[in-house]
Amino acid sequence: MRVSSWVLLALAPLSLASLMTGAASLDPSSLGADPRAWMLLMESRLPRTLAVLLTGAALAVAGVVMQQLVRNRFVEPGTIGTAESAAIGLLAITLIAPASPVWVKMLAASLAAMAGTALFLALIRRLPPREVLLVPLVGLILSGVLQSAATFVAWQTDLMQYLGIWLMTGEFSGVVAGRYALLWIAGAATCLAWVAADRLALLGLGEQTVTGLGLNPVAVMRLGLLVVALVTAMVVVTVGMVPFVGLVVPNVVARLMGDNLRATLPVVAAVGAALVLACDLLGRLIRYPYELPVGTVLGVLGSLLFLWLLWRPQRA
Amino acid sequence: MIEIEAVSHRIGQVTILDHVGTRLPRGAMTALIGPNGAGKSTLLNLVARLLPLQEGRIAVEGLDVTRTPSRALALRMAVLGQDTAIGSRLRVRELVGFGRWPHHQGRPDPADAAAVLAALDAFGLTPLGARFLDELSGGQRQRAFVAMTFAQATDWLLLDEPLNNLDMAHARALMARLHSLVREEGKSVVLVVHEVNYAAAWADHIVALRDGRIVAEGPPAEVLTPAILCDIYGMEMAVTEHAGRPLVLHHI
Ligand SMILES: Nc1ncnc2c1ncn2[C@@H]1O[C@H](COP(=O)(O)OP(=O)(O)OP(=O)(O)O)[C@@H](O)[C@H]1O
Ligand SMILES: [Mg+2]
């Protein structure tokens, strides 16, 4: 519980700082009088802050769900091909029907993400259960293959620029009001994961135990798949994939609090949101007034966090 | 009663179970014995609908396991698998709490909490309740899994090698508790054991498997004879008697 209160304490000042930080200066005292300051807040700063919070929370939760689905801690939607599949779906819809409305694109990305993740789940079912490292390895191979396919198509059709935005550099500088609404769907998927928290936690006990308790493991897995695919697709469509959150946050929280998802999912969401927000803020401050992509900062900070976790002195 | 009729199971070309048919009595303790690879776990998992039934028919208290809704079965029988390794970092009381799932489906009430506490207490796990499973010894972990099955509070308990990793005292305590569940609460227990003397001392009924077939069944005194034991295990052993029950001298 100490962890959760710490993180919740950190979220408020981080969010405030995020609202105040940017290339244009914002004076909180002038908000009432100056309509331009108000507009800057409502059109740019608030959307950006909300987008970052939603993305961080949703990706962290999607990471947990993915890890429960495969019963392996070394995977996240970004390392097993979900993000690449979503990008392929987007590519396809952009090529087939470039003028289609946003919701069609979102649907295409989600369906493709679901198909890609289902393919991964089918592949790893054939692996020997004890080989824990084969699972992330197969994921890396699959995501590599999917990415090459996407790159080939994008190259042929002059869409490389888009692909880069979707998969490489998740960043939030382009987020303004009205441009991040899809992330609320990722947020809703996260809530769905919370509703099903007990079922998802049970998955971790193995299919036989789940069946023995009268629960259909396949139904739970479908639900998890839906959460992972929706979150990933929405993030890829809106801001581009942000690496590492889905991997490092669930592992940190599991170390400290365990895997009883009913208790840990809110903490996972809060830590994910705080981590991405902190990284986004840092990215905005390090070379002010220019910005570093959040993914770059996360790479550095995330690995430091992970090292701390490994080397942290053990309490009895 | 559990009815098993003409059950066969194949994996690829290999026949694991070959026309197995028997009845496991209600209100009694049944021990499944047999050498490694005999098909004991396969049979137990088929009864517990953890494996799809390929051929034959299995009914628990008249409920066909292939057609009855899984939750209805979970309220009648609890299963402890042979392989209890899990990757999740759960606390002992969280694990035992999951045993109540069929009753509350995610909304535990005070009765569920009480059942969890009782199960923890019954297996000496109360002081370990807040520990993570990966911070326990093998036997303590095994007891946690048994407690989870116990918390499910079903009429039937199917236990695949519940004595794994337990020391003598805990093994005997578990057998005594199962025995009292049968005698005092009218429950029915089916368990796989390798140490035939536990079956000899506590079981009411023994089913012996070898190479996917039932080679003997009946009360301990009838099954645990030198001739049948030699047939099952392929080694000579003497059988004496202790307190009116067979005692198999298989270790010397
Ligand atoms: N997934 C599998 N693929 C192939 N063969 C299998 C598989 N699972 C079990 N078997 C085989 O089925 C046979 C019966 O296995 P089972 O686990 O039922 O034996 P058991 O009687 O429980 O043995 P033990 O006492 O060692 O637990 C064994 O010969 C085993 O090799
Ligand atoms: Mg076995």
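Note: the structure precedes this text.
None of these values were measured; they are calculated from a predicted model.

S.K.: Explain the packing of aromatic side chains to me, using residue names and the numbers behind them.
M.R.: Residue and element names in this part refer to chain B. In total, this model carries two aromatic pairs over all chains according to the counting rule given. Plain terms: the ring middles of Phe 123 and Phe 150 are 5.1 Å apart, the flat faces sit at 85° to each other, and that makes the pair edge-to-face. Here Phe 123 is found in the loop between helix 5 (110-122) and helix 6 (138-151), whereas its partner Phe 150 is found in helix 6, with 27 residues between them in sequence. Between the NZ or CZ atom of Arg 177 and the centre of the ring of Phe 123, over which it lies, the distance is 6.0 Å.

S.K.: Describe the pairing of strand 9 (residues 205-210) of chain B, and please don't skip the residues or the numbers.
M.R.: The side chains of a regular strand alternate, first on one face of the sheet and then on the other. All names here are of chain B. Within strand 9, five of the six residues are buried, which leaves the element mostly enclosed by the surrounding structure. As paired strands, strand 3 (residues 29-33) and strand 9 are joined by four bridges and run parallel to one another. Bridge assignment links Leu 32 to a residue of strand 9, and that residue is Val 207. Alignment of strand 9 against strand 10 (residues 213-218), held across five bridges, turns out to be antiparallel. Looking across to strand 10, one finds that Ala 208 is bridged to Ala 216. Between the antiparallel neighbours strand 9 and strand 10 lie two residues, among them Asp 211 with a positive phi of about 50°.

S.K.: Which residues make up the interface of chain A and chain B, and what values do they have?
M.R.: Across the boundary between the two partners, chain A contributes 24 residues, which contact 28 residues of chain B. Overall, the association of chain A and chain B removes approximately 2,000 Å² of surface from exposure, summing both partners, and the carbon and sulfur fraction of that is 53%. At the junction of chain A and chain B, the tally comes to zero salt bridges. Here chain A and chain B share five residue pairs in polar contact (both at pLDDT 80 or more) between them. For the side of chain A that touches chain B, the secondary-structure elements that each account for two or more residues are helix 8 (197-203), helix 9 (207-212) and helix 11 (245-257) of chain A. Class assignment of the residues belonging to the side of chain A that touches chain B gives a composition of eight nonpolar, nine polar and seven charged.

Cut-offs applied
- Residues numbered from 1 in each chain as written.
- Chains lettered and ligands numbered in written order.
- Predicted model: local features only at pLDDT ≥ 70, side-chain atom pairs only at ≥ 80, totals over all residues.
- Heavy atoms only, no water.
- Phe/Tyr/Trp six-rings, centres within 6.5 Å; stacked < 30°, edge-to-face > 60°.
- Helix = DSSP H or I, 4+ residues; strand = E, 2+ residues; numbered from the N terminus.
- Lys NZ or Arg CZ within 6 Å of the ring centre and 35° of its normal.
- Buried < 20%, exposed > 50% of the residue type's maximum accessible area, 1.4 Å probe, protein only.
- Pairing = 2+ DSSP bridges.
- Contact = heavy atoms within 4.5 Å.
- Buried area = accessible area lost by both parts, 1.4 Å probe.
- Salt bridge = Lys/Arg side-chain N within 4 Å of Asp/Glu carboxyl O.
- Polar contact = N/O pair within 3.5 Å; in protein donor to acceptor, adjacent residues only side chain to side chain.
- Nonpolar A, V, L, I, M, F, W, Y, C, P; charged D, E, K, R; others polar.

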